[in-house]
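Overview (structure and organization)
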Amino acid sequence: MLQGKTVVLGVSGGIAAYKIPNLASRLKKLGADVEVILTENAGNFITPITFEALTGNRCLINTFDRNFRFQVEHVELAKRADLFMIAPATANVIAKIAHGLADDMLTTVFLACQAPKFVVPAMNTRMYENPVTQDNLDICRRYGMKVIEPARGYLACGDTGAGKMPEPDILAEHILLELACEKDLAGKKVLVTAGPTCEAIDPVRYITNHSTGKMGYAIAQAAAFRGAQVTLVSGPTALAAPLGVKLVEVVSAREMFEEVTKAAGEQDAIIKAAAVADYRPAYVRDEKTKKSGGQVSLELERTDDILAWLGEHRQPGQFLCGFSMETQNVLENSREKLLKKHVDMIVANSLREEGAGFGTDTNVVTLITQDGAEQWEKMTKFQVAHRLLDRVFKDSGKNGGIPDSPPDMGADF
Ligand code: CTP
């Protein structure tokens, strides 16, 4: 995902520096060329050798490095960088970069660098909340740097509050969002639904299904990586919202219907990966149902079919894609849904197929359109997501609804 990209990590002297080898290692595994620059103070928390072992690159500390090659390194590295992230960024380093000071290797390369810049403050709450630090962060923002807000929590100094560096996986996601893909969907609006719905029986119990949301979340994340403006309407899942995606949390099919129909009008494409309940209890009891002898039965009523509603109220040029999970007659049943719900595409998968189904990281899908069926080999849900987006926006172009359909770039991951 980061093949051919150079990421420069600037590490300043805060205790969170101990987490940055983890980030460097992740980025390296994603294919990036990772260059690390430490401030002198960071060297008190973590050694250059750790980074050198992980990245395969010489870790830089100060401008007047004993190795002559590094005398001009600040300019060469600044030019080569595709992204520069300072993490952790201490109050001192933030003050320096806000005012253009360049008195060591880190701040010198940073000043010379024109690539996207991320600043990740991590410090004691009082230092972070000090108006001087806040003003300096505002200056950084004004100069186009992206400031990643610190998390709140227990800090190394014993205080609790804002100032905790976000975990390396979150920092890596920021870098991926910036660098992983061409922004070929910039300007497009995509609505994705994901996860199951839960239909209440009483205050304690509900009816649901096995959907984990992985496929829908992968589509939302892939679309965001490619620059689309993404709204993700999700039933309850254990997944974190992908970065750069507007998450709208719902529980029931009725709530999903309301949120989807509210946002539908402005979307270029809607991809309905959610496993929406077709039925809900006809009455939701106010109190917990107590058991009694013998059998009980539950009266169910139909929910609204959201995809069918979208098919009937489609905006001109809008692309509609549904999903279909079957255990038998996959193609026939899915083709029927394509016609009945008036959509452009159904992504069909079988619960019987190895590598497909609920909770897996892979999927085996067949794309069904008016033109026919196209079976795809087993691939990760991210690969499916990217190839699906390629097709959605290519076919949208065909319909004349969305101009500038992107090139067929194939799967990136
Ligand atoms: N869907 C929806 N609203 C519903 C039920 C389903 O929007 N109330 C959408 C799903 O998000 C999916 C597609 O319709 O994109 C197919 O859903 P599925 O439940 O597999 O098919 P159904 O049309 O409900 O048909 P059946 O239950 O008979 O398989």
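Conventions used here
- Residues numbered from 1 in each chain as written.
- Predicted model: local features only at pLDDT ≥ 70, side-chain atom pairs only at ≥ 80, totals over all residues.
- Heavy atoms only, no water.
- Helix = DSSP H or I, 4+ residues; strand = E, 2+ residues; numbered from the N terminus.
- Buried < 20%, exposed > 50% of the residue type's maximum accessible area, 1.4 Å probe, protein only.
- Phe/Tyr/Trp six-rings, centres within 6.5 Å; stacked < 30°, edge-to-face > 60°.
- Lys NZ or Arg CZ within 6 Å of the ring centre and 35° of its normal.
- Patch = residues over 30% accessible without salt bridge, like charges linked within 9 Å, V, L, I, M, F, W, Y side chains within 5 Å.
- Areas by Shrake-Rupley, 256 points an atom, 1.4 Å probe, with all protein chains shown as cover.
- Salt bridge = Lys/Arg side-chain N within 4 Å of Asp/Glu carboxyl O.
- Contact = heavy atoms within 4.5 Å.
- Near = heavy atom within 4 Å.
- Polar contact = N/O pair within 3.5 Å; in protein donor to acceptor, adjacent residues only side chain to side chain.
- Expected span 1.5 Å × (residues − 1).
- Arc of directions from axis to C-beta.
- Domains from an automatic or database assignment.
- Buried area = accessible area lost by both parts, 1.4 Å probe.
- Nonpolar A, V, L, I, M, F, W, Y, C, P; charged D, E, K, R; others polar.
- Lys, Arg positive; Asp, Glu negative; His and termini not counted.

Here's the deal with unusual backbone geometry
Glycine aside, residues mostly have negative phi angles, and peptide bonds mostly take the trans form. The linkage connecting Ala87 with the following residue, Pro88, adopts the cis geometry, with an omega of -10°. By the element assignment, Pro88 lies in strand S3 (residues 83-89). Look at Asn329: it is not a glycine, yet its phi comes out positive at around 45°. Within the secondary structure, Asn329 sits in the loop between strand S16 (319-326) and helix H12 (330-340). The exposure class of Asn329 is partly exposed, given its relative accessible area of 47%.

Concerning the packing of aromatic side chains
Enumeration according to the criterion identifies two aromatic pairs in this entry. Between the aromatic rings of Phe257 and Trp309, the centroid separation amounts to 5.9 Å while the plane-to-plane angle is 80°, which identifies the pairing as edge-to-face. Of the two residues, Phe257 is situated in helix H10 (residues 253-264) and Trp309 in helix H11 (residues 306-312); the sequence distance between them amounts to 52 residues. Phe257 gets classed as buried once you look at its relative accessible area, which sits at 18%. Lying across the ring of Phe110, Lys117 places its NZ or CZ 4.6 Å from the centre. Here Arg387 stacks its cationic end above the ring of Trp376, 4.5 Å away from the centre of that ring.

A word on a nonpolar patch on the surface
A cluster of nonpolar side chains, namely Ile15, Tyr18 and Phe45, defines an oily patch on the protein surface of about 320 Å² accessible area. You can see Tyr18 is positioned in the loop between strand S1 (6-11) and helix H1 (20-29). A relative accessible area of 52% places Tyr18 in the exposed class.

Looking at the environment of Ala200
Position of Ala200 among the secondary structure elements: in strand S9 (residues 199-200). Classification of Ala200 by relative accessible area gives partly exposed; the value is 34%. Excluding residues that lie within four positions of it along the chain, Ala200 makes contacts with Arg205, Tyr206, Pro281 and Val284.

A word on the site of the ligand
Around the ligand, 16 residues are found, and the nearest of them are Lys272, Ala274, Asp278, Phe323 and Lys341. Asp278 is positioned such that a nitrogen or oxygen atom in its side chain is 2.8 Å from an oxygen atom of the ligand. One nitrogen or oxygen atom from the side chain of Lys337 is found 3.0 Å from an oxygen atom belonging to the ligand. Contact with the protein chains covers 78% of the free accessible surface of the ligand, which is 570 Å². Those elements giving two or more residues to the shell around the ligand turn out to be H11 and S16. Sorting elements by how many residues they give to the shell around the ligand places S16 first, with four residues.

Re H10
Here H10 contains twelve residues, and its C-alpha end-to-end distance of 16 Å stays within 8% of the 16 Å for a straight helix at 1.5 Å per residue. Taken as a whole, H10 has its buried residues at Ala253, Met256, Phe257, Val260, Thr261, Ala263 and Ala264. Seen along its axis, H10 keeps its buried residues to an arc of 170°; they face one direction. Contact partners of the buried residues in H10: strand S8 (189-194), S9, strand S11 (229-234), strand S13 (269-272) and H11.

Regarding the domain arrangement of the chain
Each assigned domain of the chain is listed here: domain 1 (6-179) and domain 2 (189-392). Here domain 1 and domain 2 have C-alpha centroids that lie 40 Å from each other. Buried surface at the junction of domain 1 and domain 2, both sides included, amounts to about 490 Å², of which 70% is carbon and sulfur. Area buried by domain 1 at its contact with domain 2 is led by Glu173, Leu176 and Leu177, which between them contribute 88% of it. At the junction of domain 1 and domain 2, the tally comes to zero salt bridges. The interface formed by domain 1 and domain 2 contains two residue pairs in polar contact (both at pLDDT 80 or more). Looking at the side of domain 1 that touches domain 2 residue by residue, the classes come out as two nonpolar, one polar and one charged.

Considering the side chain of Lys272
Relative to the helices and strands, Lys272 is located in strand S13. Although Lys272 lies buried, it forms no salt bridge, and the closest oppositely charged side chain, Asp305, sits 6.5 Å away as judged by the N-O distance. Leaving out residues up to four positions away in the same chain, Lys272 has contacts with Thr193, Met256, Ile306, Leu307, Leu310, Cys321, Gly322 and Phe323.

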